[in-house]
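Examining the three-dimensional arrangement
Listed below are the residues making up each chain.
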Amino acid sequence: MQMKILNARIVLPDREVTNGTLHVAEGRILSVNAACPEMTLVDFGGDIMIPGLIDLHVHGSQGADTMDGSVQSFMKMSRALLQQGTIAFLPTTMNAASEQLKKIISIGTEMLPAVNQAEILGFHMEGPCISEHFLGAQKKVDLSD
C-alpha cells in the first residue's frame with residue numbers, strides 16, 4: 001500500500017522540515033517533499049514525525065516483564081513499545097541464576113525478526129556478574145551453580 005503523508009513536521013538527521021510531505025510504500029519512506037503519484041492521503045495536521053526510537057534498557061511494559069521469560073510477555077512488550085514509537089529495544093534482565101537468564105535469552109531470541117512489533121536487538125544484562133557490595137536494587141544471587 002502506498003500513501004502520501006501531508007502537513008507533518010518531519011525530523012531528519014540534518015534538519016527539520018515543516019509542512020512536509022512523505023511518500024510511503026510497504027512501510028518504507030521513499031521520499032520527503034518530492035513529487036509523488038496520487039495515492040491515499042493522510043493529513044498529520046502539523047504533528048511531529050520522527051524516526052523510530054531504540055530503547056536500550058527496558059525491564060517491561062503493559063504489565064509484562066523481561067523476567068517473566070515467556071513469549072507472551074515479550075510479544076506484549078514489543079507491541080506496546082511499537083505503539084509508543086519504539087521500533088527496537090533491549091529487554092533488560094535483573095540479577096538471577098544463570099539457568100533462568102539462559103531461558104529468558106533463549107525465548108527472547110526466538111522472537112527475531114519481529115513483525116508488527118518492536119524488534120529485540122539483544123539483551124541488557126544486569127547480572128549475574130555484579131558486585132555484591134554494589135547491588136543497588138538487585139537481589140544477591142548464588143552463582144555457584
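Residues numbered from 1 in each chain as written. Predicted model: local features only at pLDDT ≥ 70, side-chain atom pairs only at ≥ 80, totals over all residues. Heavy atoms only, no water.

**Thoughts on unusual backbone geometry**
Operational definition: In this text, helices come from DSSP runs of H or I with a minimum length of four residues, and strands from runs of E with a minimum of two, each type numbered from the N-terminal end. Relative accessibility under 20% of the residue-type maximum defines a buried residue, over 50% an exposed one, and the middle range a partly exposed one, all with a 1.4 Å probe and only protein chains included.
You will see that Asn7, though not glycine, has its phi angle at about 55 degrees, which is positive. Following the sequence through the fold, Asn7 ends up in strand S1 (residues 2–11). By relative accessible area, Asn7 is classed as partly exposed at 26%. Phi at Asn19 is positive, roughly 50 degrees, even though this residue is not glycine. Considering the arrangement of structural elements, one finds Asn19 in strand S2 (residues 16–25).

**Re the sheet that holds strand S9 (residues 86–91)**
Operational definition: The rule for pairing is simple: two strands pair if DSSP sees at least two bridges between them. Two residues qualify as a contact provided that any one of their heavy atoms is within 4.5 Å of a heavy atom in the partner residue. Axis definition: a line fit to C-alpha positions, over the contact stretch in the case of helices; interaxial angles, taken between N-to-C directions, run 0 to 180 degrees.
Strand order in the open sheet formed by 3 strands is S6-S9-S10, with parallel pairing between adjacent strands. Pairing within the sheet leaves two strands with one partner each, and these edge strands are strand S6 (53–58) and strand S10 (119–120). Here S6 runs beside S9; their pairing, made up of 4 bridges, is parallel. For Leu53, the partnering residue across the bridge sits in S9 and is Thr86. Sheet strands in contact with helix H1 (residues 71–83) are S6, S9 and S10, and its direction is about 140 degrees off that of S9.

**Section: the nonpolar core**
To keep it simple, the criterion reads: Here the nonpolar core consists of buried residues drawn from Ala, Val, Leu, Ile, Met, Phe, Trp, Tyr and Cys, with membership extended through side-chain atoms lying within 4.5 Å.
Ranked by size, the top nonpolar core spans 15 residues in total, and within it Phe74, Phe89 and Ile120 carry the most contacts. Of all the secondary structure elements, the ones that give two or more residues to this core are H1 and helix H2 (98–110). Setting aside residues no more than four positions away along its own chain, Phe89 makes contact with Asp55, Val58, Met77, Ser78, Leu81, Ala118, Glu119, Ile120, Leu121 and Gly122. With 7 residues, the next largest nonpolar core counts Ile5, Val17, Leu22 and Val24 among its residues.

**Quick notes on H2**
Selection rule: Expected span of a helix: the number of residues minus one, times 1.5 Å. Directions are taken from the helix axis to each C-beta atom, and the arc is the one they span.
Relative to the 18 Å expected for 13 residues at 1.5 Å per residue, H2 spans 19 Å between its end C-alpha atoms, a close match to the ideal helical length. Among all positions of H2, only Leu101, Ile104, Ile107 and Gly108 are buried. In an axial view of H2, the angular spread of the buried residues amounts to 130 degrees, which keeps them on one side of the axis. For H2, the exposed residues set more than 90 degrees away from the buried face come down to Glu99, Lys102 and Glu110. Structurally, H2 contributes buried residues whose contacts are with H1 and S10.

Purely spatial values, then, with no claim about function.
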